[in-house]
Amino acid sequence: MKTRIIFTAAMALFAFSTATYAACTSDGYCTGVGKDVVQSAIVNSNGVLFMPPTGSNPGCTLVSGYYIQLLGTNPHFKEMYATYLYAMANNIQFQLRLDPSQSTCTVAYVRTWN
């Protein structure tokens, strides 16, 4: 009985961890906690570039083949970047919604929840 409970718990943990790994889906939502969504971020003169996890399929063209962009020219850039930093620092679930009107992967909004 004890072995069965441990096996069931291990399988549930495995299923959860693999389901959250490829955070970006072809419908333009990148959802998860921390590195489940963004493996690295680069701040440059144009804004921020986020690298999604390997295996993600965001349904748009990644900048330089690797990145999702948050443009510094977006009127809500500071708020969106601050929301991203808040989620990462507090290890809470967040979502990058990609703009479906753009062929290049561009963040439309950032959302958090507990």
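In case you missed it, the structure is sitting above this.
Because the structure is predicted, anything quoted here is derived from the model rather than measured.

Peer 1: Quick rundown of the pairing of strand β3 (residues 47–51)? Include the residues and the values.
Peer 2: Across the five residues that make up β3, a large majority, four, are buried. Alignment of strand β2 (residues 40–44) against β3, held across five bridges, turns out to be antiparallel. In the sheet register, Asn44 faces β3, and the bridge partner there is Gly47. From the end of β2 to the start of β3, which pair antiparallel, there are two residues.

Peer 1: Account for the nonpolar core, naming residues and giving values.
Peer 2: If you look at the biggest cluster of nonpolar residues, it comprises 22 residues, and the most contacted ones within it are Phe50, Ile68, Leu70, Phe94, Leu96 and Val107. The dominant element in this core, judged by the number of residues it contributes, is helix α2 (residues 77–90), at five residues. Excluding residues within four positions of it along the chain, Ile68 makes contact with Cys24, Cys30, Val48, Leu49, Phe50, Pro52, Leu62, Leu98, Cys105 and Val107.

Peer 1: Go over the packing of aromatic side chains with me, naming the residues and quoting the values.
Peer 2: Given two aromatic rings, one states the distance between the centres and the angle between the planes to describe the pair. What the rule picks out here adds up to five aromatic pairs. For the pair Tyr81 and Tyr84, a centre-to-centre distance of 6.0 Å together with 20° between the ring planes defines the contact as stacked. Taken together, the residues span about one helical turn, with Tyr81 and Tyr84 both in helix α2 at a distance of three residues. For Tyr84, a relative accessible area of 6% translates into the label buried. Among the aromatic residues, those joined into a ring-pair cluster are Phe50, Phe77, Tyr81, Tyr84 and Phe94.

Scoring rules and cut-offs
Residues numbered from 1 in each chain as written. Predicted model: local features only at pLDDT ≥ 70, side-chain atom pairs only at ≥ 80, totals over all residues. Heavy atoms only, no water. Buried < 20%, exposed > 50% of the residue type's maximum accessible area, 1.4 Å probe, protein only. Helix = DSSP H or I, 4+ residues; strand = E, 2+ residues; numbered from the N terminus. Pairing = 2+ DSSP bridges. Core = buried A, V, L, I, M, F, W, Y, C linked by side-chain atoms within 4.5 Å. Contact = heavy atoms within 4.5 Å. Phe/Tyr/Trp six-rings, centres within 6.5 Å; stacked < 30°, edge-to-face > 60°.

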